[in-house]
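Architecture and fold: a report
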Amino acid sequence: MPRSQFDQELNKMHVDLDRMCHLVVLAIENCVTAFKEQDYELAQDIIHGDKQINDVERSIEAKCLSLILKQQPVASDLRDVSTALKVVTDLERIGDQSADIAELILEMKEMDSFLMIGHIQDMAKIATKMVKEALDAFHQHDLNHALEVKKMDIKMDELFDQVKKDIIQMIKKDEGTSEVLDMLMVAKYFERIGDHVVNICEWIEFNQTGKLNNARLI
């Protein structure tokens, strides 16, 4: 494959990747809105939209594997394609977590407002911010920004610990055990989104340095 054709194929992959990033950001934003406003139609839209995210992921994976097999890229080109393969996996999982939250929102239709634990809304805000900023860092190849985004996960974990404490107290008071356990799962999904963002930031580091967790890969 001539270099010009390789660049064209690489560009097509990045176009798909940009589209997937947009869909995932939209999913997490809609998820936060549906959670806060108890918007059940929007929750259904999130669930239905997850298939579109999965379809784009498969398209990107196919393009990346084709580039590796036909061109056998080395150095920065190989890191670029390898990073895309890894990042789309975490993006797809963020889409899945958003759909999982949406399904729980639909199950909690009769939940009283006092069960909408404030710390979960804080987690939702941080999750949205982490996803957006990590993708900005990815597109701009900004390693310093990615490292700053990773630090935000500390606050996410602290909030998740607080949610668990709040829910234990609510269970002790017998305040709708099954409902508060659903809320715990919502918090867990937001916490997992934070973990996937951390993975994306680590792959940005790999893309820029060839190292992952201080170990050189390429």
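Everything numeric here is computed off the predicted structure, so don't read it as measured data. (Residues numbered from 1 in each chain as written. Predicted model: local features only at pLDDT ≥ 70, side-chain atom pairs only at ≥ 80, totals over all residues. Heavy atoms only, no water.)

Some points on the environment of Val186
In plain terms, the rule: Helix and strand definitions here come from DSSP, where helices need a minimum of 4 consecutive H or I residues and strands a minimum of 2 consecutive E residues; each element is numbered from the N-terminal end. Per-residue accessibility, obtained with a 1.4 Å probe over protein chains only, is compared with the maximum for each type, and a residue is labelled buried under 20%, exposed over 50%, and partly exposed between these values. Whether two residues touch is decided by their heavy atoms; if any such pair falls within 4.5 Å, the residues are in contact.
In this structure, Val186 sits in helix H6 (residues 177-209). The class for Val186 is buried, based on a relative accessible area of 0%. Spatially, the C-alpha atom of Val186 lies 9.7 Å from that of Glu103, the residues being 83 residues apart in sequence. Apart from residues lying up to four places away in sequence, Val186 is in contact with Phe35, Ile101, Leu104, Met108 and Ile120.

As for the confidence of the model for the chain
The line we're drawing: The quantity called pLDDT is the predictor's confidence in a given residue, expressed from 0 to 100.
Looking at the chain as a whole, its pLDDT mean stands at 89, while 91% of the residues score no less than 70. For the chain, the element scoring lowest by mean pLDDT is strand E2 (residues 215-216), at 62; helix H2 (residues 40-71) scores highest, at 94.

Some words on unusual backbone geometry
Positioned with a positive phi, Gln38 is a non-glycine residue whose angle comes to about 50°. Note on placement: Gln38 falls in the loop between helix H1 (3-37) and H2. Even without glycine at this site, His141 takes up a positive phi of about 55°. When you line up the elements, His141 lands in the loop between helix H4 (118-140) and helix H5 (143-172). Since its relative accessible area comes to 43%, His141 is described here as partly exposed.

Overview of the side chain of Asp16
Short version of the rule: Between N or O atoms, a polar contact is any pair within 3.5 Å; within protein, one atom must be a potential hydrogen donor and the other a potential acceptor, and residues adjacent in sequence are included only when both atoms are from side chains.
Note on placement: Asp16 falls in helix H1. Judged by its relative accessible area of 14%, Asp16 falls in the buried class. Among the polar contacts listed, one links the side chain of Asp16 to the side chain of Ser59, at a separation of 2.7 Å. Look past the residues within four positions of Asp16 in its chain and what remains in contact with it is Val56, Ser59, Ile60 and Lys63.

Looking at the nonpolar core
Worth spelling out the cut-off: Remark: nonpolar core denotes a set of buried residues (Ala, Val, Leu, Ile, Met, Phe, Trp, Tyr, Cys) joined through side-chain atoms within 4.5 Å.
Counting residues in hydrophobic clusters, the biggest one holds 70 residues, and the most contacted among them are Leu91, Val131, Phe190, Ile193 and Val197. Elements that contribute at least two residues to this core include exactly H1, H2, helix H3 (75-107), H4, H5 and H6. Residue contributions to this core peak at 15 residues, all from H1. Dropping the residues within four chain positions of it, Ile193 is found in contact with Ile28, Ile94, Gln97, Ser98, Ile101, Ala127 and Val131.

Notes on the pattern of salt bridges
For side chains of opposite charge, pairing can occur when their charged atoms come near one another. The criterion, for reference: One speaks of a salt bridge when a side-chain nitrogen belonging to Lys or Arg is within 4 Å of a carboxyl oxygen belonging to Asp or Glu.
Tallying each qualifying case throughout the model produces 11 salt bridges. The salt bridge involving Glu9 is made with Lys12; its shortest N-O contact spans 3.7 Å. With a gap of 3 residues between them, Glu9 and Lys12 both fall in helix H1, about one helical turn apart. Lys129 is the partner of Glu133 in a salt bridge, and the nearest nitrogen-oxygen pair spans 2.7 Å. Of this pair, Glu133 and Lys129 are both found in helix H4, 4 residues apart, which corresponds to roughly one turn of the helix. The exposure class of Lys129 is partly exposed, given its relative accessible area of 43%.

Quick look at the packing of H1 against H4
Condition: To define axes, lines are fitted to C-alpha atoms, for helices over the stretch in contact only, and angles between the resulting N-to-C directions are given on a 0 to 180 degree scale. Here roughly perpendicular refers to angles of 65 to 115 degrees, roughly parallel to angles under 35, roughly antiparallel to angles over 145, and oblique to all remaining angles. Amino acids outside the nonpolar list (Ala, Val, Leu, Ile, Met, Phe, Trp, Tyr, Cys, Pro) and the charged list (Asp, Glu, Lys, Arg) are all regarded as polar, and Gly is one of them.
As a packed pair, H1 and H4 sit with axes 10 Å apart at the nearest point and diverge in direction by 170°. Taken together, H1 and H4 sit at an angle that is classed as roughly antiparallel. Every residue of H4 that contacts H1 at Leu17, Asp18, Cys21, Val24, Val25, Ile28, Glu29, Val32, Phe35 and Lys36 is listed here: Ile120, Gln121, Ala124, Ala127, Thr128, Val131, Lys132, Leu135, Phe138 and His139. By residue class, the composition of the contact of H1 with H4 is 13 nonpolar, 3 polar and 4 charged.

Description of the packing of H1 against H3
Helix packing geometry: the angle between the two helix axes and the distance between the axes. To be explicit about the condition: Throughout, a crossing is termed right-handed when the near helix is turned clockwise from the far one, and left-handed when it is turned anticlockwise from it by less than a right angle.
H3 packs onto H1 with a crossing angle of 20° between their chain directions and a minimal axis gap of 9 Å. On the basis of the axis angle, H1 is roughly parallel to H3. Regarding H1 and H3, the two cross each other, and that crossing is left-handed. Its residues assigned to classes, the contact of H1 with H3 comprises 20 nonpolar, 2 polar and 4 charged.

Some thoughts on the side chain of Glu57
As for its placement among the helices and strands, Glu57 is situated in helix H2. Excluding residues that lie within four positions of it along the chain, Glu57 makes contacts with Met20, Val88, Thr89 and Glu92.

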